[in-house]
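Below, each chain spelled out in residue letters.
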Amino acid sequence: MPVLEVICSLIGWLCLYLLFCCTFTQRGPEWSCRLVTLCHGVVIVMLTAYVVFVDGPWPFTHAGTENTELQIFALAVCLGYFFFDIGWCVCYRTEGPVMMAHHAASILGILLALLMGVSGCETCGVVFGSEITNPLLQTRWFLRQLGLYDSLLGDAVDLLFILLFATVRVGVGTVMFYCEITSPRTSLIMKLGGVVMYGLAWVFMVDIARFGYKKSRAKYKRWIENQKLKEINTRKLDGHSDKSD
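For clarity, every value in this text was computed on a predicted model and none was experimentally measured. (Residues numbered from 1 in each chain as written. Predicted model: local features only at pLDDT ≥ 70, side-chain atom pairs only at ≥ 80, totals over all residues. Heavy atoms only, no water.)

Participant: Explanation requested: a nonpolar patch on the surface in the structure shown.
Facilitator: The grouping of Tyr50, Phe53, Val54 and Trp58 at the surface amounts to a nonpolar patch, some 430 Å² of accessible area in total. Examined against the element boundaries, Phe53 turns out to sit in helix H2 (residues 29-55). (Patch = residues over 30% accessible without salt bridge, like charges linked within 9 Å, V, L, I, M, F, W, Y side chains within 5 Å. Areas by Shrake-Rupley, 256 points an atom, 1.4 Å probe, with all protein chains shown as cover. Salt bridge = Lys/Arg side-chain N within 4 Å of Asp/Glu carboxyl O. Helix = DSSP H or I, 4+ residues; strand = E, 2+ residues; numbered from the N terminus.)

See the structure below:
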């Protein structure tokens, strides 16, 4: 268990948060925390992408194998952040039970992989799939705070978020879940953890699908209303020109 690496990671994320708090004094603590979350999302996605796609081994075929040094480092960096984030969420009470359950399951899964010394490759794969949508989620929040969400950029962020979540976290995640469950090397406790994470992914997917449906319906209604207004204005202009003639 790389205790020192996890502690250094926790201290690092905490120092970054304090730096943001001192820099953006008028924005409030959530602004600084979201910036830390955004930084973590970008860093951990790039790090786990290298672990999964370049350094290896391939998680779909080597689930349950012994952890490599780079896998341990990536998981320690991620675990330190999750300790910081769950502490912040408990302190400020900003998240609901589902998100807190996701945080707790993530911490437990990474802890088990580090303590047992195995299943690092599929755990890094799960972290990659879970965090790849996080920068978009934070971007959406910042756009709302800056008053830029109701724009083409906001629509693009939402669309990309939904597509990535559905294809990576649910689509590829289903394949990963099957490989982990059927792997003879993966321990029972890690398989149970996979069941929990996969179940939470579907809970989030249902919420996202509802959000996408409501937003699409609202935009369609707005488009219909705009078309009707254009038709009314066109008729008024035509009537005015007829009277002039």
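Participant: Got a minute to help me understand the nonpolar core in this structure?
Facilitator: Nonpolar side chains in soluble globular proteins tend to be buried together. Val36, Ile44, Leu75, Phe84 and Ile110 are the most contacted members of the largest nonpolar core, which totals 38 residues. Among the elements of the structure, helix H1 (3-23), H2, helix H3 (69-92), helix H4 (97-116), helix H5 (120-131) and helix H6 (134-145) are those that each provide at least two residues to this core. With residues near it in sequence (within four places) discarded, Val36 still touches Trp13, Leu16, Tyr17, Phe20, Tyr81 and Phe84. Counting 10 residues, the second largest nonpolar core, distinct from the first, contains Val157, Phe161, Phe165 and Val170. (Core = buried A, V, L, I, M, F, W, Y, C linked by side-chain atoms within 4.5 Å. Buried < 20%, exposed > 50% of the residue type's maximum accessible area, 1.4 Å probe, protein only. Contact = heavy atoms within 4.5 Å.)

Participant: Explain the pattern of salt bridges here, please?
Facilitator: Any two side chains of opposite charge can pair if their charged atoms end up close together. In total, this model carries two salt bridges according to the counting rule given. We note a salt bridge from Arg34 to Glu30, for which the minimum N-O separation is 3.2 Å. A residue pair is termed a helical-turn pair when its members lie 3 or 4 positions apart in one helix, as Arg34 and Glu30 do in helix H2 at four residues. Notably, a salt bridge pairs Asp158 with Arg140, separated by 3.0 Å at the nearest N-O pair. Here Asp158 is found in helix H7 (residues 152-182), whereas its partner Arg140 is found in helix H6, with 18 residues between them in sequence.

Participant: Before we go on, may I ask you to explain the packing of H2 against H5 in this structure?
Facilitator: The angle between the axes and the distance between the axes are what describe a pair of packed helices. Direction vectors running N to C along H2 and H5 enclose 140°, while the axes themselves pass 9 Å from each other. With respect to H5, the element H2 is oriented oblique. Crossing angle aside, the handedness with which H2 passes H5 is left-handed. For the pair formed by H2 and H5, the contact residues are His40, Gly41, Ile44, Val45, Thr48, Ala49, Val51, Val52 and Phe53 on the first element and Cys124, Gly125, Val127, Phe128 and Glu131 on the second. Looking at the contact of H2 with H5 residue by residue, the classes come out as nine nonpolar, four polar and one charged. (Axes fitted to C-alpha atoms, helices over the stretch in contact; angles between N-to-C directions. Parallel < 35°, antiparallel > 145°, perpendicular 65-115°, else oblique. Left-handed = near helix turned anticlockwise from the far one by under 90°. Nonpolar A, V, L, I, M, F, W, Y, C, P; charged D, E, K, R; others polar.)

Participant: Explain the UniProt feature "transmembrane region" (unreviewed entry) in the protein chain to me, please; I cannot follow it from the model alone.
Facilitator: As recorded in UniProt, the feature "transmembrane region" (unreviewed entry) lies at residues 6-24, 31-52, 72-92, 104-128, 159-180 and 192-213. With 100% helix and 0% strand, residues 159-180 has end C-alpha atoms that lie 30 Å from one another. Helix makes up 100% of residues 192-213 and strand makes up 0%, while its end C-alpha atoms are separated by 32 Å. (UniProt positions renumbered as here; feature names shortened; annotations may be inferred.)

Participant: Help me understand the environment of Trp202, please; the structure alone is not making it clear to me.
Facilitator: Tracing the chain through its elements places Trp202 in helix H8 (residues 188-244). Note on Trp202: relative accessible area 39%, which makes it partly exposed. For the pair Trp202 and Ala166, spaced 36 residues apart in sequence, the C-alpha separation works out to 9.5 Å.

Participant: Can you help me understand H4 in this one?
Facilitator: A turn of α-helix holds 3.6 residues, and therefore any two residues three or four places apart point the same way. For H4, which comprises 20 residues, the first-to-last C-alpha distance of 28 Å matches the rise-based estimate of 28 Å (1.5 Å per residue) to within 8%. Gly117 occupies a position one or two residues after H4 and carries a positive phi of about 80°. (Expected span 1.5 Å × (residues − 1).)

Participant: Explain the packing of aromatic side chains to me, please; I cannot follow it from the model alone.
Facilitator: Geometrically, a pair of aromatic rings is defined through the distance of the ring centres and the angle of the planes. Tallying each qualifying case throughout the model produces 15 aromatic pairs. Between Phe24 and Trp31, the aromatic rings sit 6.3 Å apart at their centres with planes inclined by 55°, giving tilted as the arrangement. According to the relative accessible area criterion, Phe24 is partly exposed, its value standing at 30%. You can call Trp31 buried: its relative accessible area is 9%. Ring geometry for Trp141 against Phe142: centres 5.2 Å apart, planes inclined by 80°, an arrangement best described as edge-to-face. (Phe/Tyr/Trp six-rings, centres within 6.5 Å; stacked < 30°, edge-to-face > 60°.)

Participant: When you look at the environment of Phe60 in this model, what are you seeing that I'm missing?
Facilitator: Residue placement: Phe60 occurs in the loop between H2 and H3. Note: C-alpha distance between Phe60 and Val45 (15 residues apart in sequence) is 18 Å. When residues no more than four places from it in sequence are discounted, the contact partners of Phe60 are Val172, Val175, Met176 and Cys179.

Participant: In this structure, what is going on with the state of the cysteines? I would like to understand it.
Facilitator: Between two cysteines, a covalent bond joining their sulfur atoms is known as a disulfide. Throughout the structure, instances matching the rule amount to zero disulfides. With no disulfide of its own, Cys39 lies closest to Cys33 among cysteine sulfurs, the gap being 11 Å. Looking at the unpaired Cys121, the closest cysteine sulfur is the one in Cys124, lying at 8.0 Å. Judged by relative accessible area, which is 1%, Cys121 ranks as buried. (Disulfide = S-S within 2.5 Å.)

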